[in-house]
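What follows is each chain in one-letter form.
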Amino acid sequence: MVDFLSNYSIQKWLESCPQGYLEDTIYGHGADEREPEELLQNDDYREQQIRTTVQLIAGERCALAASSGLVNAAPDQASKTFLATQTLDEGRHVEIFTQRLFDLGVKPNDLESTIATYINPHLGKFAEVLLEKIDKKDFVAGVVGQNIVLEGMAFSVFEMLHAGAEAANPKFARTLSGTIADERRHVGFGENRIGDLIRRYPEKKPEVQRMQRDMTKHMLATFHEAFARNGGPAEARPSAPQKGKPAPTYQGLNMAEASNEEMEGALSATVLKEFKTRLGRIGLEYQSPV
Amino acid sequence: MTEADNPHELGEAEFRATVHSFEFWFEAVEGYLHGRPYGVSPGLEEVDLTERQRDGLITTLCNYCVGETAALDASSGMIGFAPDRGAKIFLATQVVDEGRHLEVLLHRMKQLGVADPDAEIARRANRSLLKFKDRLLEFVDARDWEASVFAQNVILECLEFTVFRHHAGTADPVTAEMLRGIVSDERRHMGFGENDLGRRLLTAPHTHDRLYKIKRQLDSLVLDTFAETMGELGIEREERPDLAGDYLAAVARLGFRS
Amino acid sequence: MTDPLELPKAGRRPRQTFELEETGFNEVPKRFRRFYRRWRGPGDKLGPNEALCPVCKVVIRSTKELRAGDRVYCMPCMSRLELVEEDGMLIAKVIY
């Protein structure tokens, strides 16, 4: 365990993240990259992007509250150290997605009201389930909720958004690729650290699995509402600027042609498959909310 | 040079948004941490320490670890009740700074031959500093922003800033370079605390009396810790840095009489 | 935006201007580094365009000569300061 945790030191984090893939970036993207003009000029398209970005901010605010709360509950120094880097990663994500809202034309004074207008209520409930465990300083449940469930969801959502934005919006795609790189560390830590704790405290299993079921229920409701309101990633729409490239694909679906239901189904199936695999590896059984 | 590059031409809100950001932290620490694994330039040579010097340094590093663990636990806990987004993001940068301090201090202890740093810390930790830590974490658990900022970012950071700066001036080259990197971080933490609290006291003067009582409770713990640390480092009373000067000046700027 | 340091005051000699060089100070983002330097201790002497931050003991530098009433920022500790004259000396005070 000590050797595994040494891979998550702050020194390693400094070398791989700020001095690695984030070097020469500003708010996670290249200094000369901008939101596409076509997006900024089209009110519907811009509103879809604002709505999507608001959900990312809400998710990252929850992750910031959760990871910082877990530092205090961590049973050993090495876990505290890793969670310190995760806290800053999440703080950075809040900052870069907030900056994206400003880049999309939201005024700083309107930030909170914009978030309140567009936030998906199910995402708030998803966060509540997790933060309740954090408030109780329940490290095992907190790490499963944060680093397996929340991060697992974020990882897949970012990958889908990245697939949609890669050709049409290189700035947003670059921002997302940095967050995906961060999430890899977070899910890796969650799986590796918590597997050991689940083996040591098997009595925690039923409670943790209940939490996973509740969070999954709210996550699926979030996806349903998001796709019903917004459809797939806006960049993947036929009207989006593709710069002469073929339409993006996600899980074998042509994102420009797939229906909202198909996109929702593909994302949900991907996330749930990931959950089952990861939970199985740490000795937990996936609980379906249905 | 563009107008945006002259810090003195920024508006107040713009200045605060700039310095309380990940971007600012990221570009600032790059300056003094890049190419310095564990805070020290590769190739910087160790000097021989006497057994007494080595033992004194280990005790001191153990106590620095207690202080940094307190700051790590407190700053991470404070994110949950920080009053705004800027403060939350600033605290996220402080969390990683404190985690790094702990990491480099533990690394240095290992270089000095300490096999089990945790056991050594438990054995050598200063009782007053442990009491201070408990008190600080009580404020955090109570989600008391003003008391937490005061105890951590004003009192504890001021103690560390003074002790580390002085110690860096007398320590062996490896320890000195490591400490200078920590001091560069402490400037941000201390400044954040004093300025946040200063603004708060202007609009809520009733807070003043409450914080003054807290200060009186914590003063003796801080001063005991300081005196003991100076003793471990073998610094004679007349050569000790003026903690009272730095600390009392900071609290005097906030309007606290001593 | 008007630079408050450039506002002329009747009857005063014009302010001196300064070209700022890098000082080796490395605790803020690159573009701001020349505006700060380390304090070298009691023997150090402040230039007419410099002020000592009372919070973190870093020397703040300006492209213009500093005078009482000027406001400057200390980025290393995030403080806003105003210069005041006390006993014939220019002192930086924190404004919260």
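Okay, so let's go over this structure. Here, residues in each chain are numbered from 1, in the same order as that chain's written sequence. Each chain takes a letter, starting from A, and each ligand takes a number, starting from 1, following the order in which they are written. Residue-level local features of this predicted model are given only where pLDDT is at least 70; pairs of side-chain atoms are given and counted only at 80 or more, and the full residue set underlies all totals for whole chains, interfaces and linings.

1. Section: the overall build of chain B
For step 1, the next point in the chain: A run of H or I in DSSP counts as a helix once it spans at least four residues, and a run of E counts as a strand once it spans at least two, with each numbered from the N terminus. Along its length, chain B carries 10 helices and zero strands.
For step 2, the next point in the chain: Of the regular secondary structure in chain B, the N- to C-terminal order runs α-α-α-α-α-α-α-α-α-α.
For step 3, the next point in the chain: Based on the C-alpha atoms only, the size of chain B along its principal axes is roughly 55 × 45 × 35 Å.
For step 4, the next point in the chain: Taking as baseline every contact in chain B between residues at least 6 positions apart, the subset at least 24 positions apart corresponds to 78%. This entry defines residue contacts through backbone-placed C-beta atoms, with two residues in contact when those atoms are within 7 Å.

2. Here's the deal with the overall build of chain A
For step 1, the next point in the chain: Along the backbone of chain A there are 11 helices and four strands.
For step 2, the next point in the chain: The C-alpha radius of gyration of chain A comes to 19 Å, within 12% of the 19 Å expected for a compact globule of 290 residues.
For step 3, the next point in the chain: Over its C-alpha atoms, taken along the principal directions, chain A stretches across nearly 55 × 45 × 35 Å.
For step 4, the next point in the chain: Evaluated residue by residue, chain A yields a buried proportion of 49% over its 290 residues.
For step 5, the next point in the chain: Considering only contacts within chain A whose residues lie at least 6 apart along the sequence, 79% involve residues at least 24 apart. C-alpha atoms define the radius of gyration, and 2.2 Å times the number of residues to the power 0.38 defines the globule rule. Burial is judged by counting other C-beta atoms within 10 Å of a residue's own C-beta: 20 or more means buried, 12 or fewer means exposed, and anything between counts as partly exposed, with every C-beta placed from the backbone.

3. Remarks on the pairing of strand 6 (residues 89-94) of chain C
All names here are of chain C.
For step 1, the next point in the chain: Note on pairing: two strands pair once DSSP finds at least 2 bridges between them. Bridge count between strand 5 (residues 79-86) and strand 6: six bridges; the pairing is antiparallel. Looking at the pairing, Glu-86 lines up with Met-89 of strand 6.
For step 2, the next point in the chain: Two successive antiparallel strands, strand 5 and strand 6, enclose a turn made up of two residues, where Asp-87 displays a positive phi of approximately 50 degrees.

4. What about the interface of chain A and chain B?
For step 1, the next point in the chain: Taken together, the 26 residues of chain A in the interface contact 27 residues of chain B.
For step 2, the next point in the chain: A per-element tally of the side of chain A that touches chain B places helix 5 (residues 77-103) of chain A first, with 12 residues.
For step 3, the next point in the chain: Gly falls in the polar group here, along with every residue not listed as nonpolar (Ala, Val, Leu, Ile, Met, Phe, Trp, Tyr, Cys, Pro) or charged (Asp, Glu, Lys, Arg). Class assignment for the residues of the side of chain A that touches chain B results in 11 nonpolar, 11 polar and four charged.

5. A short note on the interface of chain C and chain B
For step 1, the next point in the chain: Tallying the contact residues gives 25 residues for chain C and 28 residues for chain B.
For step 2, the next point in the chain: Across the side of chain C that touches chain B, the residue classes break down as 16 nonpolar, four polar and five charged.

6. Quick look at the packing of helix 4 (residues 85-111) of chain B against helix 8 (residues 173-203) of chain B
Helix packing geometry: the angle between the two helix axes and the distance between the axes.
Residues and elements named next belong to chain B.
For step 1, the next point in the chain: Whenever a helix is involved, its axis is fitted only over the stretch in contact; in every case the axis is a line through C-alpha atoms, and angles between N-to-C directions fall within 0 to 180 degrees. It is at 11 Å that the axes of helix 4 and helix 8 come closest, and there the two elements cross at 160 degrees. The orientation of helix 4 with respect to helix 8, classified from their angle, is roughly antiparallel. Between helix 4 and helix 8 the crossing geometry is left-handed. Contact with helix 4, carried on its side by Phe-90, Gln-94, Asp-97, His-101, Val-104 and Arg-108, involves Thr-175, Met-178, Ile-182, Asp-185, His-189 and Phe-192 of helix 8 and no other residues of that element.
For step 2, the next point in the chain: Residue composition of the contact of helix 4 with helix 8, by class: five nonpolar, four polar and three charged. For this classification, under 35 degrees means roughly parallel, over 145 means roughly antiparallel, 65 to 115 means roughly perpendicular, and everything else is oblique. The handedness criterion is simple: a crossing whose near helix is rotated anticlockwise from the far helix by less than a right angle is left-handed, and one whose near helix is rotated clockwise is right-handed.

7. Observations concerning the nonpolar core
For step 1, the next point in the chain: Grouped together as the largest cluster of nonpolar side chains are 167 residues, with contacts concentrated most on Leu70(A), Cys65(B), Ile155(B), Leu159(B), Cys53(C), Ile60(C) and Cys74(C).
For step 2, the next point in the chain: The biggest single contributor to this core is helix 8 (residues 139-168) of chain A, with 18 residues. The nonpolar core criterion groups buried Ala, Val, Leu, Ile, Met, Phe, Trp, Tyr and Cys residues into a set whenever they are joined through C-beta atoms within 7 Å.

8. As for the environment of Asp134(B)
For step 1, the next point in the chain: Examined against the element boundaries, Asp134(B) turns out to sit in helix 6 (residues 127-141).
For step 2, the next point in the chain: Counting along the chain gives 64 residues from Asp134(B) to Ala70(B), while the straight-line C-alpha distance between them is 8.3 Å.

9. Considerations on the sheet that holds strand 3 (residues 58-61) of chain C
Residue and element names in this part refer to chain C.
For step 1, the next point in the chain: Pairing within the open sheet is antiparallel, and its three strands lie in the order 1-3-2. Lying at the two open borders of the sheet, with one neighbouring strand each, are strand 1 (36-38) and strand 2 (50-52). Adjacent strand axes in the sheet meet at a mean angle of 30 degrees when their direction is disregarded.
For step 2, the next point in the chain: Pairing between strand 2 and strand 3: three bridges, direction antiparallel. Across the sheet, Leu-52 pairs through a bridge with Val-59, a residue of strand 3.

10. Points about the sheet that holds strand 4 (residues 71-74) of chain C
All names here are of chain C.
For step 1, the next point in the chain: An order of 4-5-6 is seen for the three strands of this open sheet, with the pairing classed as antiparallel. The open sheet has two edge strands with one neighbour each: strand 4 and strand 6. Averaged over all adjacent pairs, the angle separating strand axes in this sheet is 40 degrees, with direction ignored.
For step 2, the next point in the chain: Alignment of strand 4 against strand 5, held across four bridges, turns out to be antiparallel.

11. Observations concerning unusual backbone geometry
Residues and elements named next belong to chain B.
For step 1, the next point in the chain: Of note, the phi angle at Tyr-38 is positive, near 55 degrees, even though the residue is not glycine.
For step 2, the next point in the chain: Its place among the elements puts Tyr-38 in the loop between helix 2 (22-33) and helix 3 (51-79).
For step 3, the next point in the chain: The backbone phi angle of Arg-143 is positive, close to 55 degrees, even though this residue is not glycine.
For step 4, the next point in the chain: Note on placement: Arg-143 falls in the loop between helix 6 and helix 7 (145-170).
For step 5, the next point in the chain: The exposure class of Arg-143 is exposed, given the 12 C-beta atoms found within 10 Å.

12. Quick word on the packing of helix 3 of chain B against helix 7 of chain B
All names here are of chain B.
For step 1, the next point in the chain: Where helix 3 contacts helix 7, the axes come no closer than 11 Å and their chain directions differ by 150 degrees. As summarised for this structure, helix 3 and helix 7 are arranged roughly antiparallel, according to the angle between their axes. For the crossing formed where helix 3 meets helix 7, the hand is left-handed. Contacts between helix 3 and helix 7 involve Gly-67, Ala-70, Ala-71, Ala-74, Ser-75 and Met-78 on the former and, on the latter, Ser-148, Gln-152, Leu-156 and Glu-160.
For step 2, the next point in the chain: Grouping the constituent residues of the contact of helix 3 with helix 7 by class yields five nonpolar, four polar and one charged.

Coordinates in, geometry out; function isn't part of it.
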